[in-house]
Amino acid sequence: MREEDAEVRLLHVIEEHNELLEHPDQDALNIVFHRQIFPLPVEWNYHFQFELGKNGLEEACAGTEFAGVSNIHATCSWKLFHMIGSKKPWLFPEKSEEYIVSAAVWWKPAMETASLRPHLSQLLEEFTQWTRRQLRHNQWHLPFSFGNGFRKRKARINLLKRLLRVFEGV
């Protein structure tokens with residue numbers, strides 16, 4: 001990249017076409033290096049969207065570079081877990097399936113990394129307290145919820161319980 005002065009070319013593409021690029025960094029890399037890109041095997045670019053969409057996933061991936069992704073998920077045999085999207089497990093917790101799946105994969109190895117542990121312990125404590133407050137709030141209001149509101153609150157409670165299990169398992 002240095003030999004080809006790629007940084008200048010990448011920045012130029014982003015500056016010139018920023019409003020047209022959905023993911024400016026990735027799009028610029030794809031444009032500048034379009035003839036020099038070699039896809040990684042899926043276990044080196046695994047992401048949690050695979051886990052969220054696991055029903056019918058194998059059929060959808062048959063014949064593509066993503067074939068076998070269900071086995072990677074079942075055996076947790078990824079080499080690199082790519083945290084794509086806006087839901088990051090180290091950011092403030094969210095009440096979403098996407099967040100819980102990524103948190104379940106990320107927190108335990110992160111806490112086992114000695115250099116991260118001091119910084120993450122306080123963050124984990126804050127996340128756990130926030131999740132418990134949310135759970136208490138939703139449980140308290142459940143008896144006063146009707147119809148669709150009841151179902152949504154019950155689903156939220158189940159998500160929060162799963163999130164607490166993730167944090168407590170770290």
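Presented here is an overview of the structure given in this document.

The rules we used
- Residues numbered from 1 in each chain as written.
- Predicted model: local features only at pLDDT ≥ 70, side-chain atom pairs only at ≥ 80, totals over all residues.
- Heavy atoms only, no water.
- Helix = DSSP H or I, 4+ residues; strand = E, 2+ residues; numbered from the N terminus.
- Rg over C-alpha atoms; globule rule 2.2 N^0.38 Å.
- Buried < 20%, exposed > 50% of the residue type's maximum accessible area, 1.4 Å probe, protein only.
- Contact = heavy atoms within 4.5 Å.
- Salt bridge = Lys/Arg side-chain N within 4 Å of Asp/Glu carboxyl O.
- Phe/Tyr/Trp six-rings, centres within 6.5 Å; stacked < 30°, edge-to-face > 60°.
- Expected span 1.5 Å × (residues − 1).
- Axes fitted to C-alpha atoms, helices over the stretch in contact; angles between N-to-C directions.
- Left-handed = near helix turned anticlockwise from the far one by under 90°.
- Nonpolar A, V, L, I, M, F, W, Y, C, P; charged D, E, K, R; others polar.
- Core = buried A, V, L, I, M, F, W, Y, C linked by side-chain atoms within 4.5 Å.

Here we come to the overall build of the chain. In terms of helices and strands, the chain carries 8 helices and 2 strands. Reading the secondary structure of the chain in the N-to-C direction produces α-α-β-α-α-α-β-α-α-α. Rg of the C-alpha trace for the chain: 20 Å, well past the compact-globule value of 15 Å for 170 residues, more than 25% over. Here the chain, with 170 residues, has 32% of them falling under the buried criterion. Contacts in the chain between residues far apart in sequence, at least 24 positions, make up 53% of those at least 6 positions apart.

Before going further, it helps to examine the pattern of salt bridges. If you walk through the whole model with that rule in mind, you get 3 salt bridges. Of the charged contacts, one joins Glu112 and Lys108 as a salt bridge, the two residues approaching to 3.0 Å between their closest N and O atoms.

Right, let's talk about the packing of aromatic side chains for a bit. Counted under the stated rule, the structure contains 11 aromatic pairs. For the ring pair Tyr46 and Phe81, a centre distance of 5.4 Å and an interplane angle of 55° mean the geometry is tilted. Of the two residues, Tyr46 sits in strand 1 (residues 46–47) while Phe81 sits in strand 2 (residues 81–82), which places them 35 residues apart along the sequence.

Before going further, it helps to spend a moment on unusual backbone geometry. Negative phi is the rule for most residues except glycine; trans is the rule for most peptide bonds. Even without glycine at this site, Asp5 takes up a positive phi of about 55°. For Asp5, the position within the fold is in the segment before helix 1 (6–17).

Turning our eyes to something else, we now look at helix 7 (residues 117–141). In this model helix 7 runs 36 Å from its N-terminal to its C-terminal C-alpha over 25 residues, within 8% of the 36 Å that 1.5 Å per residue would give. Residues of helix 7 that are buried: Leu120, Leu124, Phe127, Thr128, Trp130, Thr131, Gln134, Leu135 and Asn138. Residues of helix 7 that are buried in the fold lie against helix 6 (97–111) and helix 8 (147–168).

Let us now look at the environment of Glu43. Looking at the secondary structure, you find Glu43 in the loop between helix 2 (24–32) and strand 1. Separated by 25 residues in sequence, Glu43 and Gly68 place their C-alpha atoms 9.4 Å apart. Here Glu43 is in contact with Ile72, Ser77, Trp78, Lys79 and Leu80, once residues within four sequence places are set aside.

Axis separation between helix 6 and helix 7 bottoms out at 10 Å; the angle between their running directions is 145°. By crossing handedness, the relation of helix 6 to helix 7 is classed as left-handed. Each of Tyr99, Trp106, Trp107, Ala110 and Met111 in helix 6 lies in contact with helix 7, whose residues at this interface are Arg117, Leu120, Ser121, Leu123, Leu124 and Phe127. A class-by-class count of the residues in the contact of helix 6 with helix 7 yields 9 nonpolar, 1 polar and 1 charged.

Quick look at the side chain of Thr131 now. In this fold, Thr131 is placed in helix 7. With relative accessibility at 0%, the residue Thr131 sits in the buried group. Sequence-distant contacts of Thr131, defined by excluding residues within four places in its chain, comprise Pro93, Leu160, Leu163, Leu164 and Phe167.

With that out of the way, let us pick up the nonpolar core. Of all hydrophobic cores here, the largest spans 24 residues; its most connected members are Tyr99, Trp107 and Phe167. Sorting the residues of this core by element identifies helix 4 (57–61), helix 5 (69–75), helix 6, helix 7 and helix 8 as the ones contributing at least two each. The element that contributes the greatest number of residues to this core is helix 6, accounting for 8 residues. Those residues in contact with Trp107, other than ones at most four positions away along the chain, are Pro89, Tyr99, Leu120, Leu123, Leu124, Phe127, Phe167 and Val170. Counting 7 residues, the second largest nonpolar core, distinct from the first, contains Leu10, Val13, Leu21 and Phe33.

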